[in-house]
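What follows is each chain in one-letter form.
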Amino acid sequence: MEMDADMGTTTDGRTLGVAVVGAGYWGPNLVRNFRASSDWDLVAVCDLDTDRAQAVVGARSGITVTSSLDEVLARDDVDAVAIATPARTHHGVATAALRAGKHLLVEKPLADSVQAGQAMVDLAREQGLVLMADHTYCWTAAVRKIRDLVADGALGDVLFVDSVRINLGLIQPDVDVLWDLAPHDLSILDLVLPGGLRPTGVAAQGSDPLRAGKACVGYLTLPLPGGAMAHVHVNWLSPTKIRQMVIGGSERTLVWDDLNPQQRISIYDRGVDLVQQSVDSADRRTATVSYRLGDTWAPALDEREALGAVVAELAASIRQGRAPATDGEAGLRVLSVLEAAGTSLRARGALVDVAPTGSRLELVR
Ligand SMILES: NC(=O)c1ccc[n+]([C@@H]2O[C@H](COP(=O)([O-])OP(=O)(O)OC[C@H]3O[C@@H](n4cnc5c(N)ncnc54)[C@H](O)[C@@H]3O)[C@@H](O)[C@H]2O)c1
């Protein structure tokens, strides 16, 4: 058996064993994808509610169903644990799993605070174990294409980003709408923006018109280095569902409409050029700007279920003894913005600093 010096993992290509902890709304999607993957052998599903876990695995599956995390962690045939429990429980489950020598896939958000997330990242590093954040959208064909287009300069310099993620959502018992939905937008920005998610500040506003005890409508404003600006709107109260991101560039503008499977991404070869900066000319409008009106095109996308790519990347990073793309550090960058957003909300939308986190890893194309 070949051991990797950095990560202390086996690299002999055998099928890896995994247990999913949490079989509520999202856990079943992990269960299905691990079961469908030739990299993985799903050996156990753990939930405090064993009836729920049993219903997810079905009868006569041979997969252990248990409410005991200790029982799962004691097994030699469990190489990795996938955590799909509520965010406030991630740190406790992750810490126990890492101490037991298990690699980790952790649902977004990585934890319920930067401090808890940092402790998980540090422990994984100390133990030489893989810690992957399930930033699911980063593994969709659309986001990977956006990332490539931005990286290849197809849009020119990014001037603004406007992201809208609204529908009638489940009001979560433990987190507000920013912690529930904005991790998607923020993890996407982390992947596609040159330099990753490094806003120079965060201003957040939220409202709770139903008196649910937490913000159900949230707006994030993120000034970016170089003068660009990103804006994120998340909302649990909208009867219409919108999942749209506009990335305006100096050359072209990209519109991603995730609810339009025929044409999720459109590239507009249109824009505004500042020809001359003048305040005293007779006709300021025509003197200072010119509009480009070109074609619109739609790139082809190789559509596959994102979670299939997530579980494949988890296996590859364990086998190759390397950090996964969308690793714990990516999870931490998202947490830093969410935490700063909480501070801003309490300060009635004031612009607050974002604590810096570690380095950004490139997604392997
Ligand atoms: N990646 C995505 O697109 C996506 C989508 C939805 C939810 N999520 C994330 O998945 C996680 C779970 O969300 P959900 O909506 O499925 O929650 P949920 O409440 O529907 O399910 C959570 C399950 O975890 C179980 N549980 C709680 N504590 C446990 C523990 N200590 N040990 C074992 N089981 C425990 C509960 O019994 C429940 O069945 C959250 O972090 C959420 O943000 C990710």
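It should be noted that the structure appears before, not after, this text.
The following paragraphs examine the structure supplied in this document. (Residues numbered from 1 in each chain as written. Predicted model: local features only at pLDDT ≥ 70, side-chain atom pairs only at ≥ 80, totals over all residues. Heavy atoms only, no water.)

### Structural notes on the overall build of the protein chain
To be explicit about the condition: Counting from the N terminus, the helices are DSSP H or I runs at least four residues long and the strands are E runs at least two residues long. Our radius of gyration looks at C-alpha atoms and nothing else; its globule reference is 2.2 Å times the residue count to the power 0.38. When accessible area is computed with a 1.4 Å probe and restricted to protein chains, residues below 20% of their type maximum are described as buried, those above 50% as exposed, and intermediate ones as partly exposed.
Looking only at helices and strands, the protein chain features 10 helices and 14 strands. Computed over the C-alpha atoms, the radius of gyration of the protein chain is 22 Å, within 12% of the 21 Å expected from 2.2 N^0.38 for a compact globule of 365 residues. The C-alpha extent of the protein chain, read off along each of the three principal axes, is 80 × 50 × 40 Å. Counting across all 365 residues of the protein chain, residues that qualify as buried make up 52%.

### What about the packing of aromatic side chains?
The following threshold applies: Two rings from Phe, Tyr or Trp (for Trp, the six-membered ring) form a pair when their centres sit within 6.5 Å of each other. Planes less than 30 degrees apart are called stacked, planes more than 60 degrees apart edge-to-face, and all others tilted. Note on geometry: a ring has a charge over it if NZ (lysine) or CZ (arginine) is within 6 Å of the ring centre and within 35 degrees of the ring normal.
For the structure shown, the criterion picks out 3 aromatic pairs. Measuring from ring centre to ring centre gives 6.2 Å for Tyr 25 and Trp 26, while their planes differ by 45 degrees; the resulting arrangement is tilted. Classification of Tyr 25 as exposed rests on a relative accessible area of 68%. Assessed through its relative accessible area of 28%, Trp 26 is described here as partly exposed. Seen from their ring centres, Tyr 137 and Trp 256 are 6.2 Å apart, and the 70 degrees between their planes marks the pair as edge-to-face. Here Tyr 137, found in the loop between β6 (131-134) and α6 (141-151), pairs with Trp 256, found in strand β12 (residues 253-257); they are 119 residues apart in sequence, far enough to count as distant. Neither residue differs from the other here; Tyr 137 and Trp 256 are each classed as buried. One residue, Arg 165, lies across the ring of Tyr 137, its end atom 4.6 Å from the ring centre.

### Section: the site of the ligand
To keep it simple, the criterion reads: Near residues are defined by distance, with any heavy atom within 4 Å of the molecule or strand qualifying the residue. Pairs of N or O atoms are called polar contacts if they sit within 3.5 Å, as long as, within protein, a hydrogen donor faces a hydrogen acceptor (for residues adjacent in sequence, only side-chain-to-side-chain pairs). Note on residue classes: Ala, Val, Leu, Ile, Met, Phe, Trp, Tyr, Cys and Pro are nonpolar, Asp, Glu, Lys and Arg are charged, and everything else, Gly too, is polar.
In the region of the ligand, 19 residues are neighbours, and Trp 26, Asp 47, Arg 52, Lys 108 and Thr 136 sit closest. A distance of 3.2 Å separates an oxygen atom of the ligand from a polar atom in the side chain of His 90. At a separation of 2.9 Å, a nitrogen atom of the ligand approaches a polar side-chain atom of Glu 107. Along the lines of polarity and charge, the residues of the shell around the ligand split into 8 nonpolar, 6 polar and 5 charged.

### Structural notes on unusual backbone geometry
Of note, the amide linkage connecting Lys 108 to Pro 109 takes the cis form, showing an omega dihedral of -20 degrees. Take Pro 109: it is sitting in the loop between β5 (103-107) and α5 (114-127). The backbone of Arg 60 sits at a positive phi, close to 50 degrees, despite the residue not being glycine.

### Focus on the sheet that holds strand β11 (residues 237-249)
The condition is simple: In short, DSSP must find at least two bridges between two strands for them to pair. To obtain each axis, a line is fitted to C-alpha atoms, and for helices this fit is confined to the stretch in contact; angles are then taken between N-to-C directions over 0 to 180 degrees. Between two residues, a contact is recorded if the distance between any of their heavy atoms is within 4.5 Å.
With mixed pairing, the 8 strands of this open sheet are ordered in space as β8-β9-β10-β7-β11-β12-β13-β14. Of all strands in the sheet, those with a lone pairing partner are β8 (203-207) and β14 (289-297), marking the two edges. Strand after strand, the sheet turns through a mean of 15 degrees between neighbouring axes, direction not considered. On top of the sheet, helix α7 (residues 177-192) reaches β7 (158-168), β8, β9 (217-223), β10 (229-235), β11 and β12; it is set at about 150 degrees to β10, its chief contact. Contacts from helix α10 (residues 328-346) reach β8 and β9, with the element oriented near 65 degrees to β8.

### A few points about the nonpolar core
Convention followed: Nine residue types can take part in a nonpolar core, namely buried Ala, Val, Leu, Ile, Met, Phe, Trp, Tyr and Cys, and a core is a set of them joined through side-chain atoms within 4.5 Å.
One finds Phe 34, Trp 40, Leu 186, Leu 189 and Trp 256 to be the most contacted residues of the largest nonpolar core, which totals 106 residues. With 10 residues, the single largest contributor to this core is α7. Not counting residues within four places of it along the chain, the set of residues in contact with Leu 186 comprises Leu 197, Leu 220, Leu 222, Val 334, Val 337 and Leu 338.

### So, the pairing of β5
Worth spelling out the cut-off: A right-handed crossover is one whose linking path, passing over the helix from the first strand to the second, runs clockwise when the strands point away from the viewer.
Burial analysis of β5 places 5 of its 5 residues in the buried class, which makes it a mostly covered element. A two-sided burial pattern is seen for β5, the buried positions comprising His 103, Leu 105 and Glu 107 on one face and Leu 104 and Val 106 on the other. Note: strand β4 (residues 80-83) against β5, 4 bridges, orientation parallel. Paired with Ile 83 across the bridge in β5 is Val 106. After leaving β4, the chain enters helix α4 (residues 87-99) and then returns to the sheet as β5, a path that is right-handed. Note that β5 and β6 share 4 bridges and pair parallel. From the neighbouring strand, Val 106 faces β6, where its bridge partner is Ala 133.

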